[in-house]
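Residues per chain, in single letters:
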Protein chains: 2
Amino acid sequence: MAITFYDLCGKDGARFSPYGWRTRMALAHKGLDYTLELVKFTEKEKLAFTGQKLVPVIQYGETVVNDSFAIACFLEDAFPDKPSLFSGEAGRGMAKTINGFVDRMVQPLIAPLIVADVLDCVDESCKEYFRSSREQRFGMTLQEFQSKRDEKVAAFRTALEPIRMVVKDQRFIGGSAPTYADYILFDSMQWARLTSTFQLVEGDDPIHAWFERVLDSNGGIAREEPIAATAA
Amino acid sequence: MAITFYDLCGKDGARFSPYGWRTRMALAHKGLDYTLELVKFTEKEKLAFTGQKLVPVIQYGETVVNDSFAIACFLEDAFPDKPSLFSGEAGRGMAKTINGFVDRMVQPLIAPLIVADVLDCVDESCKEYFRSSREQRFGMTLQEFQSKRDEKVAAFRTALEPIRMVVKDQRFIGGSAPTYADYILFDSMQWARLTSTFQLVEGDDPIHAWFERVLDSNGGIAREEPIAATAA
């Protein structure tokens, strides 16, 4: 039985969705092959069979799963003999806590640093949709929302402290090897790395060294992904 | 070989330190007996042999460990056959991340809700030390710092969201039974429960139901602890 993975794509097939990356790293961690289906922002009709409009989506036989954390749980349960994403029941609850922490308290601090740059990586056919939907959400133009990012980045760096305290003393949150908890923040930062030239953390930040280590994990698939960002 | 546990105490032997509770729940989780040594705020000379001034401290033979997370790691490693606090190497890193999240982003939002009430639970001999040291830290009187708590509590409740998302769907962060990740937030809220009549969360908040479940865990030791709070 084959896995089909529906992932968001931008201009020229660029794949930068942070949630798509969580699924992509989870699939790589478990060493699973899959068929890739790319979905542009304005091609959500491709997801009609899922009963909702968001990627990533995994289809495995009759089973359809959306929401990146639910997908990780599905992969963990469906492929228990492959390397674990969570380290048991207790680890799954902790990973879900960290998932909520990054989604609620960290990733919202990245958006105002890069969102106008992300627009440049969106396919021409989707730009108007992307711009107007985001400008409505933020209540201002994307350029305004992204202004003063040299000041705003401080709040993002401060919010990383709970993870910095861990990875300054060990290679990964997962210890000697990354687990799903690592991929959560990594993928939010990978979103920025692929779409923007803005520097999220300083070179001497332990988060930077940890990020480089995750880039090298899983055969370096995250490092090999083409950078979509256009020169600033 | 016996364990000696040095814990903070207030008036009439009241034990409300959130960090002391983390060690106490970790010891109970592992089913370990210990000799208790109580240390008042102004009795830090009792800790001179540790080379620092903070409780909790664990002494086990020649080994002396301070810092509640380091103590939990020590107990996990020294008693590997007892119930696990972390669920392996990956779980330990995740628990440390959650420890940092609660210490940096949640517990600082509890202090302004209860700190003047905590003063009433401090031994008479330590009140002046407690008041002046905290007023210096906060830059205002404890009553001022604790004012408007009906408004301030909203920020605390919002900060719980990453944990609320987990325990609304399962009994504990640890799954069917609590692990160290549960004790971290629990013990910060136990600090408030023992020292103040202020209500941290609404009765219909999933965090409330989870807190009650942790109170019943480990033989109910947290529920049985005498409430030190004086009537408001």
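Residues numbered from 1 in each chain as written. Chains lettered and ligands numbered in written order. Predicted model: local features only at pLDDT ≥ 70, side-chain atom pairs only at ≥ 80, totals over all residues.

All names here are of chain B. Between helix α1 (residues 18-29) and helix α2 (residues 68-78), whose axes approach to 9 Å, the crossing angle comes to 10°. When the axis of α1 is compared with that of α2, the two are roughly parallel. Residues Tyr19, Arg22, Thr23 and Ala26 of α1 form the contact with α2, whose participating residues are Ser68, Ile71, Ala72 and Leu75. (Axes fitted to C-alpha atoms, helices over the stretch in contact; angles between N-to-C directions. Helix = DSSP H or I, 4+ residues; strand = E, 2+ residues; numbered from the N terminus. Parallel < 35°, antiparallel > 145°, perpendicular 65-115°, else oblique. Contact = placed C-beta atoms within 7 Å.)

Residue and element names in this part refer to chain A. With 12 residues, helix α1 (residues 18-29) extends 16 Å between its outermost C-alpha atoms, agreeing within 8% with the 16 Å of an ideal straight helix rising 1.5 Å per residue. The element α1 is extensively covered by neighbouring structure, given that 11 of its 12 residues are classed as buried. Turning to α1, its buried residues are Pro18, Tyr19, Gly20, Trp21, Arg22, Thr23, Arg24, Met25, Ala26, Leu27 and His29. Residues of α1 that are buried sit in contact with β1 (3-9), β3 (57-60), α2 (68-78), α3 (88-119) and α8 (180-195). Just downstream of α1 lies Gly31, where phi reads positive at about 65°. (Expected span 1.5 Å × (residues − 1). Buried ≥ 20, exposed ≤ 12 C-beta atoms within 10 Å, placed from the backbone.)

Our focus in this paragraph is the relation of the copies chain B and chain A. With an RMSD of 0.0 Å, chain B superimposes on chain A once it is rotated by 180° and translated 0.0 Å along the axis. Within this description, the copies of the chain are treated as partners about a two-fold rotation axis. Within chain B, B:Gly91 has its C-alpha nearest the rotation axis, a separation of 2.6 Å. When you check the interface residues of chain B against chain A, 100% turn up at the interface there too, and the contact is symmetric in its surfaces. (Least-squares fit on C-alpha atoms with pLDDT ≥ 70 in both.)

Below, the discussion takes up the pairing of strand β2 (residues 35-40) of chain A. Residue and element names in this part refer to chain A. Sheet analysis places β1 next to β2, joined by 6 bridges and oriented parallel. Bridging across to β2, Tyr6 finds its partner in Glu37. Each parallel crossover has a hand, and for β1 linked through α1 to β2 it is right-handed. (Pairing = 2+ DSSP bridges. Right-handed = clockwise from strand over helix to strand, strands pointing away.)

Our focus in this paragraph is the sheet that holds strand β1 (residues 3-9) of chain B. All names here are of chain B. If you walk across this open sheet you meet the 4 strands as β2-β1-β3-β4, and the pairing is mixed. For this open sheet the edge positions go to β2 (35-40) and β4 (63-66), each flanked by a neighbour on one side alone. This sheet shows a mean twist of 20° between the axes of neighbouring strands, independent of strand direction. Packed on one face of the sheet, α1 meets β1 and β3 (57-60) and runs near 145° to β1. Packing against the sheet, α2 makes contact with β3 and β4, and its axis sits at approximately 140° to β4.

Attention now moves to the domain arrangement of chain A. Note: interface size is frequently given as the accessible area lost on complex formation between the parts. Residue and element names in this part refer to chain A. When the domains of chain A are assigned, the result is domain 1 (3-78) and domain 2 (88-224). Averaged C-alpha coordinates put domain 1 and domain 2 at centres separated by 19 Å. The partner domain 2 presents 23 residues to the 18 residues of domain 1 that form the contact. Looking at which element gives the most residues to the side of domain 1 that touches domain 2, the answer is α1, with 7 residues. (Domains from an automatic or database assignment.)

This part is about the packing of α3(A) against α8(A). Residues and elements named next belong to chain A. Where α3 meets α8, the closest approach of the two axes is 9 Å, and the angle between their N-to-C directions is 5°. As summarised for this structure, α3 and α8 are arranged roughly parallel, according to the angle between their axes. Seen from α3, the contacting residues are Ala95, Ile98, Asn99, Val102, Val106, Gln107, Ile110, Leu113, Ile114, Asp117 and Val118; seen from α8, they are Tyr180, Ala181, Ile184, Leu185, Ser188, Ala192 and Thr195. Looking at the contact of α3 with α8 residue by residue, the class counts come to 13 nonpolar, 4 polar and 1 charged. (Nonpolar A, V, L, I, M, F, W, Y, C, P; charged D, E, K, R; others polar.)

On to the environment of A:Asp182, then. Residue and element names in this part refer to chain A. Turning to its location among the elements, Asp182 is positioned in helix α8. What makes Asp182 buried here is the crowd of 30 C-beta atoms within 10 Å. When near neighbours in sequence (up to four residues on either side) are disregarded, Asp182 contacts Phe172, Ile173, Gly174 and Val214.

The next thing to look at is the nonpolar core. Ranked by internal contacts, the top residues of the largest apolar core, which has 127 residues, are A:Ala26, A:Met94, A:Tyr180, B:Ala26, B:Met94 and B:Tyr180. Contacts of B:Met94, omitting those with residues within four sequence positions, involve A:Gly91, A:Met94, A:Ala95, A:Ile98, A:Ile173 and A:Ala181. (Core = buried A, V, L, I, M, F, W, Y, C linked by C-beta atoms within 7 Å.)

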